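Single-letter residue listing:
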Amino acid sequence: MEGIKTGSILYLDGMEVENFNANQDNPRKVEKRKMEASMEIRGRTECAKSFDEGECQTGFTKSTDVIIVGAGLAGSALAHSLGKDGRQVLAIERDLTQPDRMVGEVLQPGGYLKLVELGLEDCVNEIDSQRVLGYVLYKDGKSVELPYPLENCHPDVAGRSFHYGRFVQRIREKAASLPNVRLEQGTVTSLLQEQGTTKGVHYKTKTGQEMTAYAPLTVVCDGNFSNLRRSLSEPKVDVLSTFVGLILENSQLPFPNHAHVILAEASLLLFYPISSTEVRCLVDISGRKVPSISNGEMADYLTTVVAPQIPSSLYKAFISAVEKGNIRTMPNRCMPAAPYRIPGALLLGDALNMRHPLTGGGMTVALSDVALLRHLLTPLDHLNNASSFIESFYTLRKPMAFTLNTMAGVFQNMLCASADEVRCEMRQACFDYLSLGGAFASGPVALLSGLNPSPWALTPHLLLGAIQSMGRLLLPFPSPKRIWFVARFIADGLGFIFPLIKAEGVGSMLFPATLLQRYTASPVIRNNLVMALFSIGKKGPS
């Protein structure tokens, strides 16, 4: 993208370092990428013909460097990134047809910056994607606008919303057009492990033929329903709530180019554009019991309970969408990252880590992880030595992941509908805090959007928000009942935050730069860890 600079700001153990160009390459790499670009153009026509048939290979003759299990957002972006670096990549995806899912439709500005860094920003073009400039929060007839803090960014930087399937298919096509990237439709049945090291995968092709593929590095990113994560981690999946999804046609949001969050009495509602004529509506239902779609309970719930709390400009389109009956549900899962350090393999994307999708942070975390992994692998001529970077990857990803995971959890806990009096006070306190404007609004928005993924910046907002919430609970007079409410509030908050901190690790979460003393086998490794850290802390184009 012309005109976008890649200067960055990084906080290393509290010290700010500026004006670092994380994308600066030496002449050898520039010349190499020019050669690869010409190869890409030669291979693109042949690749496009075979992509929809379940396999794409253009001149793929060398031994495989990396096997990628899954070609969703994370897998296809990684395949493209490593392919551009000259790696021989085999990506195996269960279904290469266009995905059809109702989340993964909002890319935060921090995620868009990662697209730019990976050379994939053009993938949001030609899919009728919409610019997203921030949020609008509604409660009890009042609204507060929460714009993204984009003042110091290039004009093209903003959030994007779209049909997820169109977006992923664009990235797949771009990855498959590279001569050294092969996308194959098949199902990976197991990892090939020898003496504690992953050597490759066993998989079945789309015709049912059993195959074995070998590579020094296998990256598993087969999504939130991963059947391989138990081989590489200790997953603890928790279902937090359920999203009920509808598409509103030919309707306009009250605030164009904004996501709308409505704190309704019965449910939390989310609206955002996914094309120039369509608006996605998500209704968050807490608890494990969800009204049945088949017997009409869901339609009745949406029309009688949810519809009366929807803005008038969206009411008719909402009722029409319910009457058409195209109602979908999806459980909202949360899973902290708990990977094993197994040589030759690592997890990526939703297979590794999940958070509530309310804040739309999943794609930003995934793209950040892809950029980080690419930086770590860049200095290696042969990936037989990649195992030494697995621990580095899992640790260096934590500042970004922890920040967005925490913001998703905080907003889901504080904004979800509840009849509990303490929860209602927490909800009102969160709305009042964001309504203060200035840094009280821009700070949290910068955190959840991935523009400032810093645990250090997150901490004061958590503390100030907690103080305001406790103040509301104690006023006008600290009666025994109100003191009990405050005690419950503190217990609930600590019960949420402490497991996250324990899972991520305080040291690696707050002091990632100290890892430079731990992983310094050579000056090349030291230099690339610095570049990876700068990539994580990138503030954005200016």
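Above: the structure in question.
Just so we're clear, the structure is a prediction, and the values are computed from it rather than from any experiment.

Basis of the calculations
Residues numbered from 1 in each chain as written. Predicted model: local features only at pLDDT ≥ 70, side-chain atom pairs only at ≥ 80, totals over all residues. Heavy atoms only, no water. Phe/Tyr/Trp six-rings, centres within 6.5 Å; stacked < 30°, edge-to-face > 60°. Buried < 20%, exposed > 50% of the residue type's maximum accessible area, 1.4 Å probe, protein only. Pairing = 2+ DSSP bridges. Helix = DSSP H or I, 4+ residues; strand = E, 2+ residues; numbered from the N terminus. Axes fitted to C-alpha atoms, helices over the stretch in contact; angles between N-to-C directions. Core = buried A, V, L, I, M, F, W, Y, C linked by side-chain atoms within 4.5 Å. Contact = heavy atoms within 4.5 Å. Patch = residues over 30% accessible without salt bridge, like charges linked within 9 Å, V, L, I, M, F, W, Y side chains within 5 Å. Areas by Shrake-Rupley, 256 points an atom, 1.4 Å probe, with all protein chains shown as cover. Salt bridge = Lys/Arg side-chain N within 4 Å of Asp/Glu carboxyl O. 1 Å grid on protein atoms, 1.4 Å probe; cavity = no way out; pocket = protein on both sides within 12 Å on 5 of 7 lines; lining within 4 Å. Points joined across faces, edges and corners; volume = space filled by probe spheres on them.

1. Focus on the packing of aromatic side chains
Each aromatic ring pair is specified by the distance between its two centres and by the angle formed by the two planes.
Thinking step 1. What the rule picks out here adds up to 4 aromatic pairs.
Thinking step 2. Here phenylalanine 393 and tyrosine 394 contribute two aromatic rings whose centre-to-centre distance is 5.5 Å and whose plane-to-plane angle is 55°, an arrangement assigned as tilted. Across the pair, exposure class does not vary: phenylalanine 393 and tyrosine 394 are buried alike.
Thinking step 3. With a centroid separation of 5.5 Å and an interplanar angle of 85°, the aromatic rings of tyrosine 433 and phenylalanine 440 are classed as edge-to-face.

2. Some words on the sheet that holds strand β16 (residues 259-263)
Hydrogen bonds along the backbone pair up the strands of a sheet, which may run parallel or antiparallel.
Thinking step 1. The mixed open sheet is built from 7 strands, whose spatial order is β9-β8-β16-β17-β18-β15-β19. Both edges of this open sheet fall to β9 (142-147) and β19 (328-334), since each of them pairs with a single strand only. Neighbour-to-neighbour, the strand axes of this sheet turn through a mean angle of 20°, independent of strand direction.
Thinking step 2. Bridging between strand β17 (residues 268-273) and strand β18 (residues 278-286) involves 6 bridges; their strand directions are antiparallel. Among the inter-strand pairings, phenylalanine 271 is bridged to a residue of β18, identified as cysteine 281.

3. What to know about the nonpolar core
Thinking step 1. Of all hydrophobic cores here, the largest spans 119 residues; its most connected members are Leu73, Phe167, Val201, Val219 and Phe393.
Thinking step 2. The element best represented in this core is helix α8 (residues 362-377), accounting for 9 residues.
Thinking step 3. When near neighbours in sequence (up to four residues on either side) are disregarded, phenylalanine 393 contacts Leu346, Leu347, Leu348, Leu352, Asp369, Leu372, Leu373 and Leu376.
Thinking step 4. Counting 27 residues, the second-largest nonpolar core is a separate cluster that includes Leu246, Leu269, Val306 and Ile319.

4. Some remarks on the pairing of strand β8 (residues 134-139)
Thinking step 1. Counted residue by residue, β8 has 6 buried out of 6 residues, so it is predominantly covered.
Thinking step 2. Where burial is concerned, the two faces of β8 agree: the one with Gly134, Val136 and Tyr138 and the one with Tyr135, Leu137 and Lys139 are both buried.
Thinking step 3. Taking the residues between adjacent antiparallel strands as the criterion, β8 and β9 are bridged by 2 residues, where aspartate 140 takes a positive phi near 50°.
Thinking step 4. Relative to β16, β8 runs parallel, the two being bridged by 4 bridges. Bridge pairing links tyrosine 135 to alanine 259 in β16.

5. Points about the environment of leucine 191
Thinking step 1. Here leucine 191 shows up in strand β11 (residues 181-194).
Thinking step 2. What makes leucine 191 buried here is its relative accessible area of 12%.
Thinking step 3. Sequence spacing of leucine 191 and histidine 202 is 11 residues, and the spatial spacing of their C-alpha atoms is 6.1 Å.
Thinking step 4. Once residues within four sequence positions are removed from consideration, leucine 191 is found in contact with Thr198, Gly200, Val201, His202, Thr218, Val220, Leu228, Ser231 and Leu232.

6. With respect to the sheet that holds strand β7 (residues 130-132)
Thinking step 1. With respect to topology, 3 strands assemble into an open sheet ordered β6-β10-β7, the strand pairing being antiparallel. The sheet is open, and its two edges are formed by β6 (106-107) and β7, each paired on a single side.
Thinking step 2. Of the strand pairs in this sheet, β6 and strand β10 (residues 159-161) are connected by 2 bridges, and their pairing is antiparallel. In the strand pairing of β10, valine 106 is matched with serine 161.

7. Here's the deal with a nonpolar patch on the surface
Thinking step 1. On the surface, Leu436, Phe440, Leu464 and Ile467 cluster together to form a nonpolar patch covering roughly 380 Å² of accessible area.
Thinking step 2. By relative accessible area, which is 35% here, phenylalanine 440 ends up partly exposed.

8. Overview of the pattern of salt bridges
Thinking step 1. This structure, assessed with the given rule, holds 14 salt bridges.
Thinking step 2. The partner of arginine 341 in a salt bridge is glutamate 391, with the nearest N and O atoms 2.7 Å apart. Of this pair, arginine 341 sits in the loop between β19 and β20 (345-347) while glutamate 391 sits in helix α9 (residues 390-396); the two residues are 50 residues apart in sequence, bridging distant segments of the chain.
Thinking step 3. Judged by its relative accessible area of 38%, arginine 341 falls in the partly exposed class.

9. As for helix α12 (residues 439-448)
Thinking step 1. With 7 of 10 residues buried, α12 lies mostly within the body of the structure.
Thinking step 2. Considering only its buried residues, α12 is in contact with β8, β9, α10 (398-415), α11 (421-435) and α13 (455-474).
Thinking step 3. One or two residues past the end of α12 sits glycine 450, with phi positive at roughly 80°.

10. A word on empty space enclosed by the protein
Thinking step 1. Scanning the model with the defined rule gives 4 cavities of 30 Å³ or more in all.
Thinking step 2. By volume, the largest cavity is sized at about 140 Å³.
Thinking step 3. Lining of the largest cavity is provided by Tyr135, Leu137, Leu146, Val261, Leu358, Thr359, Phe411, Leu415, Leu434, Pro444, Val445 and Leu448.
Thinking step 4. Taken together, the elements giving at least two residues each to the lining of the largest cavity come down to β8, α10 and α12.
Thinking step 5. A per-element tally of the lining of the largest cavity places α12 first, with 3 residues.

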